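Architecture at a glance
One-letter residues, chain by chain:
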Amino acid sequence: MKEIRIHGRGGQGSVTAAELLAVAAFEDGKYSQAFPSFGVERRGAPVVAFTRIDDKPIRMRSQVYEPDYVVVQDATLIDVIDVAGGIKKDGLIIINTEKDAGKLKNISAKVMAIDATKIAMDVIGRPIVNTVLLGAFAGATGEIRLESIKKAVGERFSGKIGEKNVAAVDAAYKAMEAHA
Amino acid sequence: MSKLTVVEGSYAVAHAAKVCRPDVIPAYPITPQTHIVEELSKFAANGEIGACEYITVESEFSAISALIGACAAGARTYSATTSQGLALMHEVLFNASGMRLPLVMTVANRAMSAPLSIWNDHQDSIAQRDTGWIQLYAEDPQEAADMTPQVYKICEDNKIMLPAMACFDGFILTHVYEPVVLLEQDLTDEFLPPFAPEHILDPSNPKTFGAFADPGVYSEFRYMQELGMSAALKKIETVADEFNEIYGRYYGGLIDGYYLDDAEIVLVAMGSVIGTIKDVLDELRAEGKKVGLLKIRSFRPFPTDAIRNAVKNAAIIVPLDKSISIGKYEGALCTEIKASLYNTKIDIPVLGYMFGHGGRDIPPERIKKIVSEAEKAIVNGITIESSYVDLREELL
């Protein structure tokens, strides 16, 4: 079983990202589960969402304590909460930041950085990074096929917005694949 | 996996309610039940539930009152609520069961205020234990969805005619996205016959429901409700089998077991923690520990005989409760299990634990800790009969 924890702030679509990961994983022929950390979400407040992916039906209902992967949508969270908490030794943290991954402090696990905000502004025209980071996740981890992520995103958002989000997924995937 | 689709638990349940073809849905939104009634209001507005009337009421008190009126007039009804909303219905819940109206209501289990908590435990439905409603508890979104037509079939039986709560854990199951089979309309039509009550409110054939009962007849009405509950014991089992025949899915009848046959330590639980416990038991069994799980699916009627039979060879029984009776310092399962074993030849220690209240997470390590405490108690005896296992002493 692979466990993913997504950190973001209320309004950044962390819960939606977790759900879309589950949809995409299922599209790949796997079982999946996505759930929020059940907070009273307010815009701007730290939010956590989880996704589990496995080859067999998932029964576990506890929160994720030892994630294989962590996705951080907002680098300012690193000063506020322990985004690397419990990460597995061979785990990976993907952070949306314009800085170099190697220069981030207080994180011992493997870290990859992507300027998702820039991709979102360039491709979607708005600083909404959740779908961008899904593309980055697929590119960096290989856990989910790009086509499945694009299908999940395309089905969730209709029309022009959907097309732009799918294009952003593509751009982020390519950016990460080059570094992975 | 072709029939599976990734949806939110609430959607799976709303869809299940839809294919049961309810005639009237009076509902009032309340977290974490809201997504269920939002989906149903969309279905109704889109004409996807036939001529179903969706009534936007001004409170849960009105919702349950409208349910009673509609059901007494012969309508199949549905609603969903939780926590304070269920508590607001309290006095009317007795009327529904006393009038022998087979209402079906989903309860998205949530803690009770104060302090305010929107998160999961079982205090809300457990507090309604004595209202005369059937109560079943589901372990995952699929079971919660599948339970919906099952409870209609159980409570609309002419020998039963009692209302039912189909309970599933708020947030943990209402808000999870995972692959679920959405109930097929054709299979549901095959499984669940139309509602055909013997007695309805009809101006051309006037009858009185819930009339005045003097001391000469009151107890007999109450006893007849008990007979209805007794009939439900058998019906819950047969309906689970009928469901399995048509849909090919089974979750147990009154109870279910996991590694139960040779278990020395028997954990007893209901709701979403069942899945976590099953994963932990796989691990512990691999280590050679004889631990099993008794899943309580039906809390009312309480399956006393089935439980006695299931636990009679255990060395220790460990009820795990998401509720507390303050002043007794134990949860409902603990109390009921102990009461079920008295006046029998079964003399097995019962070690109760409460956890997961107000949404506190239940990690696998907590289950393992409980099992290790039970192992010690087998050897040393029980010192504390019931306690919180996840109390944060530093906050007291």
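Please refer to the structure higher up on the page.
If you're wondering where the values come from, they're calculated on a predicted model, not measured in any experiment. Starting afresh in each chain, residues are numbered from 1 along the sequence in its written order. Labels follow written order: the first chain is A, the first ligand is 1, and so on. For this predicted model, a pLDDT threshold of at least 70 governs which residues receive local features, and a threshold of 80 or more governs which side-chain atom pairs are given and counted, while totals over whole chains, interfaces and linings are taken from all residues. Remark: hydrogens and water are excluded; side-chain values derive from all non-hydrogen atoms of the structure.

Moving on to the pattern of salt bridges. Oppositely charged side chains may form a pair once their charged atoms are brought near each other. Residues and elements named next belong to chain B. When a carboxyl oxygen of Asp or Glu lies within 4 Å of a side-chain nitrogen of Lys or Arg, that pair is called a salt bridge. A full pass over the atoms with the stated rule returns 40 salt bridges over all chains. A salt bridge links K295 to E139, with the nearest nitrogen and oxygen atoms 2.7 Å apart. With K295 in strand β11 (residues 291–296) and E139 in the loop between β6 (134–137) and α7 (141–155), the pair connects residues that are 156 residues apart, well separated along the chain. Between E330 and K328 there is a salt bridge, and its shortest N-O distance comes to 3.5 Å. Look at E330 and you get buried, because its relative accessible area is 2%. Per-residue accessibility, obtained with a 1.4 Å probe over protein chains only, is compared with the maximum for each type, and a residue is labelled buried under 20%, exposed over 50%, and partly exposed between these values. The class for K328 is partly exposed, based on a relative accessible area of 47%. Each helix is a run of H or I in the DSSP string that is no shorter than four residues. Each strand is a run of E no shorter than two, and both are numbered from the N terminus.

Residues and elements named next belong to chain A. With their axes 9 Å apart at the nearest point, helix α1 (residues 14–27) and helix α3 (residues 130–141) run at an angle of 40 degrees to one another. The angle between α1 and α3 falls in the class oblique. Read as a crossing pair, α1 and α3 show a hand that is right-handed. Of α3, the residues touching α1 (which contributes T16, A17, L20 and L21) are N130, T131, L134 and F137. Polar here means any residue outside two lists: the nonpolar Ala, Val, Leu, Ile, Met, Phe, Trp, Tyr, Cys and Pro, and the charged Asp, Glu, Lys and Arg; Gly therefore counts as polar. Partitioning the contact of α1 with α3 into residue classes produces five nonpolar, three polar and no charged. Inter-axis angles, ranging from 0 to 180 degrees, are taken between N-to-C directions of lines fitted to C-alpha atoms, where helices are fitted over the stretch in contact. Should an angle lie under 35 degrees it is considered roughly parallel, over 145 roughly antiparallel, and from 65 to 115 roughly perpendicular; all remaining angles are considered oblique. What makes a crossing left-handed is the near helix being turned counterclockwise from the far one by less than a right angle; a clockwise turn instead makes it right-handed. Residue contacts are defined here by distance: any two heavy atoms, one from each residue, within 4.5 Å place the two residues in contact.

All names here are of chain B. Only strands joined by at least two bridges in the DSSP assignment are considered to pair. Strand order in the open sheet formed by five strands is β4-β5-β7-β6-β12, and the pairing between neighbours is mixed. The open sheet terminates on both sides in strands that have one partner only, identified here as β4 (78–81) and β12 (298–300). For this sheet, the mean inter-axis angle between neighbouring strands, taken without regard to orientation, is 25 degrees. Across four bridges, the pairing between β6 and strand β7 (residues 164–169) is parallel. From the neighbouring strand, Y137 faces β7, where its bridge partner is C167.

This next bit is on the sheet that holds strand β13 (residues 316–321) of chain B. All names here are of chain B. If you walk across this open sheet you meet the six strands as β9-β11-β10-β13-β14-β15, and the pairing is mixed. Each end of this open sheet is capped by a strand with a single partner; those strands are β9 (255–258) and β15 (386–388). Here the average twist between neighbouring strands, direction ignored, is 20 degrees. Relative to strand β14 (residues 352–354), β13 runs parallel, the two being bridged by two bridges. Opposite D321, over in β14, you have M354 as the bridge partner. Helix α12 (residues 332–341) rests against β10 (265–269), β11, β13, β14 and β15 of the sheet, and its axis sits at about 145 degrees to β13.

Residues and elements named next belong to chain B. An ideal rise of 1.5 Å per residue puts 16 Å on 12 residues; helix α2 (residues 34–45) measures up with 16 Å between its terminal C-alpha atoms. Those residues of α2 lying buried are T34, I36, V37, E39, L40, F43 and A44. Positive phi shows up at G47, right after α2, with a value of about 70 degrees. By this rule, a helix spans an expected 1.5 Å times one less than how many residues it contains.

Moving on: α1(A). Residues and elements named next belong to chain A. With 14 residues, α1 extends 20 Å between its outermost C-alpha atoms, agreeing within 8% with the 20 Å of an ideal straight helix rising 1.5 Å per residue. Among the 14 residues that make up α1, 11 are buried, leaving the element largely enclosed by the rest of the structure. By the burial criterion, the buried members of α1 are S14, A17, A18, E19, L20, L21, A22, V23, A24, A25 and F26. G29 sits one or two positions beyond α1 and adopts a positive phi of about 95 degrees.

Aromatic ring pairs are reported here in terms of the distance separating the ring centres and the angle at which the planes meet. Residue and element names in this part refer to chain A. Only centres within 6.5 Å qualify two rings of Phe, Tyr or Trp (six-membered ring in Trp) as a pair; their planes then separate them into stacked at under 30 degrees, edge-to-face at over 60, and tilted for everything else. For the structure shown, the criterion picks out 10 aromatic pairs over all chains. With a centroid separation of 5.1 Å and an interplanar angle of 35 degrees, the aromatic rings of F35 and F50 are classed as tilted. Pair noted here: F35 is in strand β2 (residues 31–36) and F50 is in strand β3 (residues 46–54), with a separation of 15 residues, a long-range link. Exposure remark for F50: the relative accessible area of 2% places this residue in the buried category.

Moving on: the nonpolar core. Buried Ala, Val, Leu, Ile, Met, Phe, Trp, Tyr and Cys residues that are joined via side-chain atoms within 4.5 Å together make up what is termed a nonpolar core. Counting 94 residues, the largest nonpolar core has B:L40, B:Y78, B:L103, B:I134, B:L294 and B:I317 as its most contacted members. It is α7(B) that provides the largest number of residues to this core, a total of seven residues. In this structure, A:L21, A:A22, A:I144 and A:A168 belong to the second largest nonpolar core, which totals 49 residues.

Turning our eyes to something else, we now look at the pairing of strand β5 (residues 104–109) of chain B. Looking along a regular strand, one sees the side chains alternate between the two faces of the sheet. All names here are of chain B. Of all six residues in β5, six are buried; the element is thus mostly enclosed. In β5, alternate side chains face the same way, and those of V104, T106 and A108 on one face and M105, V107 and N109 on the other are all buried. The sheet contact formed by β4 and β5 spans four bridges and is parallel. Residue S79 lies in a different strand from β5, and its bridge partner there is M105.

What follows concerns the side chain of B:K235. One can find B:K235 in helix α9 (residues 218–247). Beyond its immediate stretch of four places on either side in the chain, B:K235 contacts B:K153, B:I154, B:D157 and B:I160.

All names here are of chain B. Here β13 lies mainly inside the structure; six of its six residues are buried. Residues I316, V318 and L320 of β13 are buried on one face, and the alternating residues I317, P319 and D321, pointing to the opposite face, are buried as well. Judged from the four bridges that link them, β10 and β13 form a sheet pairing that is parallel. Note on β13: the bridge partner recorded for I265 is I316.

With that settled, the discussion passes to the interface of chain B and chain A. Each partner contributes residues to the interface: chain B has 28 residues there, and chain A has 22 residues. Taking both sides of the interface into account, the surface hidden between chain B and chain A amounts to around 2100 Å²; carbon and sulfur atoms contribute 62%. Joining chain B to chain A, the criterion identifies three salt bridges. Here A:R61 and B:E178 are joined by a salt bridge, their closest N and O atoms 2.8 Å apart. Polar contacts here mean pairs of N or O atoms no more than 3.5 Å apart (in protein, one a potential hydrogen donor and the other a potential acceptor; neighbouring residues in sequence count only if both atoms are side-chain atoms). Summed over the shared surface of chain B and chain A, the result is nine residue pairs in polar contact (both at pLDDT 80 or more). Mapped by element, the contributors of at least two residues to the side of chain B that touches chain A are β1 (4–8), β8 (177–181) and α10 (273–286) of chain B. By buried area we mean the combined loss of accessible area, with a 1.4 Å probe, across both parts when two parts are placed together.

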